[in-house]
Amino acid sequence: MSSRRSARTVRVYCASCGFYLYKYRKGGGGKLVKCFVDKIVQDNTEGDLRCPSCGQAFARETMVYGRPANKIIQGKVTVKR
Ligand SMILES: [Zn+2]
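Residues numbered from 1 in each chain as written. Predicted model: local features only at pLDDT ≥ 70, side-chain atom pairs only at ≥ 80, totals over all residues.

**Student:** Outline the sheet that holds strand 7 (residues 77–80), listing residues and values.
**Tutor:** Note on sheets: strands pair through backbone hydrogen bonds, and any given pair is parallel or antiparallel. Taken in spatial order, the four strands of this open sheet run 4-2-1-7, and their pairing is antiparallel. Edge strands, defined here as strands with exactly one partner in the open sheet, are strand 4 (40–43) and strand 7. With strand direction ignored, the average angle separating the axes of adjacent strands in the sheet is 20 degrees. The pairing of strand 1 (residues 8–14) with strand 7 spans four bridges and is classified as antiparallel. (Pairing = 2+ DSSP bridges. Helix = DSSP H or I, 4+ residues; strand = E, 2+ residues; numbered from the N terminus. Axes fitted to C-alpha atoms, helices over the stretch in contact; angles between N-to-C directions.)

**Student:** So what's going on with the sheet that holds strand 3 (residues 34–36)? Which residues, and what values?
**Tutor:** Strand order in this open sheet of three strands is 3-6-5, and the pairing throughout is antiparallel. Each edge of the open sheet is held by one strand with a lone partner, namely strand 3 and strand 5 (59–64). Each strand of the sheet is rotated relative to its neighbour by a mean of 30 degrees, with strand direction disregarded. In terms of strand pairing, strand 5 meets strand 6 (residues 67–72) through six bridges, oriented antiparallel. Each residue of the ladder has a partner; that of Ala59, found in strand 6, is Ile72.

**Student:** Residue-level account of the nonpolar core, with values.
**Tutor:** Core analysis: the biggest nonpolar cluster contains eleven residues, these being Val12, Cys14, Leu21, Tyr22, Tyr24, Cys35, Cys51, Phe58, Ala59, Ala69 and Val77. Counting residues per element, the ones that place at least two in this core are strand 1 and strand 2 (20–26). Apart from residues lying up to four places away in sequence, Val77 is in contact with Val12, Tyr13, Cys14, Ala15, Leu21, Phe58 and Ile72. (Core = buried A, V, L, I, M, F, W, Y, C linked by C-beta atoms within 7 Å. Buried ≥ 20, exposed ≤ 12 C-beta atoms within 10 Å, placed from the backbone. Contact = placed C-beta atoms within 7 Å.)

**Student:** Describe unusual backbone geometry, naming the residues involved and giving the relevant values.
**Tutor:** Trans is the common state for peptide bonds, and a negative phi is the common state for residues other than glycine. You will see that Leu49, though not glycine, has its phi angle at about 60 degrees, which is positive. Inspection of the secondary structure assignment puts Leu49 in the loop between strand 4 and strand 5. Leu49 gets classed as partly exposed once you count the C-beta atoms within 10 Å, which come to 19.

Quick look at the structure:
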């Protein structure tokens, strides 16, 4: 077997207006709780953790295992595969 299981990419949208916020390389299963900054593949925001379209805050800056991460505010984003 030469195939390696790679992390899948998910798309993160603003729950309020549907704006496409991030493309994110998510490891593991389950709900999206946080985004490691270095795993955001595409960032359509202005980096202030607010939706550029409607201004809704969707995450908070934090550190997880010494890495900068954006902690998602539950209910503020929609995640699609
Ligand atoms: Zn929005």
